[in-house]
Amino acid sequence: MSQVSDNIAKIRETLPERVTLVCVSKFQSVGLIEQAYAAGERHFGESRVQELVDKHRQLPSDIHWHFIGHLQTNKVKQIVPFVALIHGVDSLRLLDEINKEALKIGRVVPVLLEVHVAQEETKSGFSVDEMADLAPLIELNHAAPVLREYPGLNICGIMGMASNTDDAEQVRREFRMLATIAKNLFPHGGVLSMGMSHDYPIAVEEGATMVRIGSSIFGER
């Protein structure tokens, strides 16, 4: 058993069945990703468009590629044909661009709206107030397979990050806030992507349905 597969096995023991593990493979080699793939993983997260495109070409076609970084509008068209989920949609402009490129190829692209709850200005995302303004759009998603305003998109949940702090109670409060937003916007169930290597156990306790784990699987870069 490789170190990667051993790490995955240990993490799997801590995750309920309802939680999807996204292996954050950004900056990692194809060889290490293949080890995780051999261990049964199929969800991988990348944060740079060109790196994602290159790895998609080199690795098995049944991998579900997640884009987890800040996506520039001028690079959307490169990943729309194959990406499984775009996590960090943080503006209406980006929603518009993904929708436009998806319609060009006749695809409905799953996306998550990024919500900013952390006490750090460097993190991006819609504010809590902005999410309230978006609620009517999201509610349409429960009544039809796609949104009327964005027929090329499936807004299937939210994503967020807690503050980078050793204060576990602050982290818990922020994850709880994200969980409350997700429950209000998606009362019938939606994706709640939150939690990374250092804080995912708290995220899972607070209701995460998807966690993004990199260094605990592949080691520090």
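Residues numbered from 1 in each chain as written. Predicted model: local features only at pLDDT ≥ 70, side-chain atom pairs only at ≥ 80, totals over all residues. Heavy atoms only, no water.

Asker: Can you walk me through the overall build of the protein in this structure?
Answerer: Within the protein, the regular secondary structure consists of 9 helices and 8 strands. Across its three principal axes, the protein shows a C-alpha extent of roughly 50 × 45 × 30 Å. Looking at the protein as a whole, 53% of its 221 residues qualify as buried. Here the contacts in the protein between residues at least 6 apart in sequence split such that 57% fall between residues at least 24 apart. (Helix = DSSP H or I, 4+ residues; strand = E, 2+ residues; numbered from the N terminus. Buried < 20%, exposed > 50% of the residue type's maximum accessible area, 1.4 Å probe, protein only. Contact = heavy atoms within 4.5 Å.)

Asker: When you look at helix H2 (residues 30-38) in this model, what are you seeing that I'm missing?
Answerer: In an α-helix, one turn spans 3.6 residues, which is why side chains three or four residues apart end up on the same side. Within H2 the residues assigned to the buried category are Ile33, Ala36 and Tyr37. Projected onto a plane normal to the axis of H2, the buried residues spread over an arc of 105° and lie on a single side. Buried-residue contacts for H2 involve helix H1 (3-12), strand S2 (43-46), helix H3 (49-58) and helix H9 (215-218). (Arc of directions from axis to C-beta.)

Asker: How should the state of the cysteines be read in this particular structure?
Answerer: When the sulfur atoms of two cysteines share a covalent bond, that bond is a disulfide. Per the stated rule, a full pass over the model turns up 0 disulfides. Cysteine Cys23 shares no disulfide, and the gap to the nearest cysteine sulfur, in Cys156, comes to 19 Å. In this structure Cys23 comes out as buried when scored by relative accessible area, which is 0%. Given a relative accessible area of 18%, Cys156 falls into the buried group. (Disulfide = S-S within 2.5 Å.)

Asker: Can you help me understand the side chain of His87 in this one?
Answerer: Assignment of secondary structure puts His87 in strand S4 (residues 85-89). A polar atom in the side chain of His87 sits 2.8 Å from the side chain of His66. (Polar contact = N/O pair within 3.5 Å; in protein donor to acceptor, adjacent residues only side chain to side chain.)

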